[in-house]
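Survey of secondary and tertiary structure
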Amino acid sequence: HYMDFADKLRSLASRIEKQKSAIQTEEAAKTAFVMPFIQALGYDVFDPTEVVPEFVADVGSKKGEKIDYAIMSDGKPSMLFECKCCAADLNDSHAGQLRRYFHVTSARIGVLTNGINYQFFADLDEPNIMDKKPFMEINLIDLEDQLIPELKKLTKSSFELEQMLSAASNLKYTRAIKGYFERQITSPDTDFVRLVLSDIYSGLKTQLVIEQFTPLVKQALQGVINDNITSRLKSVMSANPVPDNSGNESTEQERQAEEST
């Protein structure tokens, strides 16, 4: 079923590409994009025991506040969706309502979306309190393949809460570690340079030494990445050899002709 799910997401993505300019309101984004997404996860949007639109929970003093969709399991909400208009950037103020609801329901997954971008939150830091940062973010138009199996854990047929939460925790930390490495690649910090030096430089690690080595560490890191990319490209190229056109005199002219059209 893995392909099926990936295909559903891809066909939804191509629909979004075509229709996003026509979607002007939050209501339209919900009907055209969010409901099909919930359906792709395997939930029946037309079955009110499974998907409750405009779900109401009493949130302290704010009575009758509604969340856009609640996915139900055993009569209790397991996942909450808060939707914004396609043009909206998802930010922390948008997550506020989701956060309040999360706290008063049994849901353990909160989803903030504008129909194109989806942010998935859990309560990994403190039970019952929605985390500040999402553990996963997807953009349907630019979907990272490695996130498809993670997303599949939220589908009706695979929904296994404990599994999902431990996966969420791994995703959250992997994301943070990736962020750390990205920062070191752009500008290695003192601690990182000191860590590298502890393995390769026996002298005293003075501030001056650290400053001298910082550009070298940066260069070396980027070198490793470039080498990886090059060797990957080489293996792709050797698997798909490029036809040799050297015997063809008119190639250059043809190329120019093509460029001018």
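Up top you'll find the structure we're talking about.
Just so we're clear, the structure is a prediction, and the values are computed from it rather than from any experiment. Numbers given to residues run from 1 along each chain, matching the order in which its sequence is written. Totals for whole chains, interfaces and linings use all residues, but because this is a predicted model, local features are given only for residues with pLDDT of at least 70 and pairs of side-chain atoms are given and counted only at 80 or more. Values shown for side chains rest on all heavy atoms present in the structure; no hydrogens or waters enter the calculation.

Points about the pattern of salt bridges
Keep this limit in mind: A carboxyl oxygen of Asp or Glu within 4 Å of a side-chain nitrogen of Lys or Arg is what we treat as a salt bridge. Each helix corresponds to a stretch of at least 4 residues labelled H or I by DSSP, and each strand to a stretch of at least 2 residues labelled E; elements are numbered beginning at the N terminus. For every residue, the accessible area (1.4 Å probe, protein chains only) is compared with the maximum for its type, and the residue is labelled buried under 20%, exposed over 50%, or partly exposed between those bounds.
Inspection of the entire model under this criterion finds two salt bridges. The residue D123 makes a salt bridge to R108 at a minimum N-O spacing of 3.0 Å. In this pair, D123 is assigned in the loop between β5 (117-121) and β6 (136-139) and R108 in the loop between α3 (92-104) and β4 (109-113), connecting sequence segments 15 residues apart. Take R108: its relative accessible area is 25%, and that puts it in the partly exposed class.

Re the layout of surface pockets
Note the cut-off: A 1.4 Å probe that fits into a set of points on a 1 Å grid over the protein atoms alone but cannot get out defines a cavity; an open set with protein on both sides within 12 Å along at least five of seven lines defines a pocket, and lining residues are those with an atom within 4 Å of a point. Grid points are joined across faces, edges and corners, and a volume is the space filled by probe spheres set on the points.
Here the largest pocket defines a volume of roughly 290 Å³. Forming the walls of the largest pocket are F135, M136, E137, E144, Q146, L147, L171, T174, R175, K178, G179 and E182. Counting residues per element, the ones that place at least two in the lining of the largest pocket are β6 and α5 (161-186). A total of six residues in the lining of the largest pocket trace back to one element, the largest contributor, which is α5.

Description of the nonpolar core
Going by this rule: Only buried Ala, Val, Leu, Ile, Met, Phe, Trp, Tyr and Cys residues count toward a nonpolar core, and they belong to the same one when joined by side-chain atoms within 4.5 Å. The contact rule is simple, with two residues in contact once any of their heavy atoms fall within 4.5 Å.
In terms of nonpolar packing, the biggest core is built from 39 residues, with F37, F81, F120, I138 and L151 touching the most fellow members. A per-element tally of this core places helix α2 (residues 26-40) first, with seven residues. With residues up to four places along the chain from it excluded, the contact list for I138 reads F37, I116, N117, Y118, F120, L143, L147 and L151. Membership of the second largest hydrophobic core comes to 14 residues, among which are L80, A95, F121 and M130.

Some remarks on helix α6 (residues 190-200)
Given 3.6 residues to a turn, an α-helix orients residues that are three or four positions apart in the same direction. Rule in force here: The directions considered for the arc are those from the helix axis to the C-beta atoms.
Residues F192, V193 and L197 constitute the buried set of α6. Summarising the axial view, the buried residues of α6 lie within an arc of 135°, below the 170-degree limit, and thus occupy one face. Looking at α6, the residues exposed on the side facing more than 90 degrees away from the buried face are D191, L195, S198 and D199.

A word on the packing of α6 against helix α7 (residues 207-239)
So the rule is basically this: Every axis in this analysis is a line fitted to C-alpha atoms, fitted for helices over the stretch in contact. Angles between the N-to-C directions lie between 0 and 180 degrees. Here roughly perpendicular refers to angles of 65 to 115 degrees, roughly parallel to angles under 35, roughly antiparallel to angles over 145, and oblique to all remaining angles. We call Asp, Glu, Lys and Arg charged. Ala, Val, Leu, Ile, Met, Phe, Trp, Tyr, Cys and Pro are nonpolar, and the rest, Gly among them, are polar.
Packing of α6 against α7 brings their axes to within 9 Å, and their N-to-C directions diverge by 85°. For the element pair α6 / α7, the angle class is roughly perpendicular. Across the interface between the two elements, T190, F192, V193, R194, V196 and L197 of α6 pack against Q207, V209, I210, F213, T214, V217 and L221 of α7. Looking at the contact of α6 with α7, its residues break down into nine nonpolar, three polar and one charged.

Some points on the environment of E17
Counting through the fold element by element, E17 comes out in helix α1 (residues 2-19). C-alpha of E17 to C-alpha of I141: the two residues are 124 residues apart in sequence and 6.9 Å apart in space.

Examining the side chain of D131
Along the chain, D131 turns up in the loop between β5 and β6. Filtering out sequence-adjacent residues up to four positions away, D131 remains in contact with R99, F121, A122, D123, L124, D125 and E126.

What to know about the pairing of β4
Under the convention used in this document: In this description, strands pair whenever DSSP reports at least two bridges between them.
Among the five residues in β4, five count as buried, and that is most of the element. Of the two faces of β4, the one carrying I109, V111 and T113 and the one carrying G110 and L112 are both buried. Note: strand β3 (residues 76-83) against β4, five bridges, orientation parallel. Across the sheet, residue F81 finds its bridge partner in β4, namely V111. Here β4 pairs with β5 via four bridges, running antiparallel. Paired with L112 across the bridge in β5 is Q119. Connecting the antiparallel pair β4 and β5 is a turn made up of three residues, with G115 showing a positive phi of about 90°.

Some details on the side chain of N114
Condition: As used in this structure description, the phrase polar contact means that two N or O atoms lie within 3.5 Å; if the pair is within protein, one of them must be able to donate a hydrogen and the other to accept it, and residues adjacent in sequence are counted only when both atoms belong to side chains.
Examined against the element boundaries, N114 turns out to sit in the loop between β4 and β5. Taking relative accessible area as the criterion, N114 reaches 3% and is therefore assigned buried. For N114, the side chain forms a polar contact with the main-chain nitrogen of N117, separated by 2.7 Å.

Purely geometric numbers; function is a separate question.
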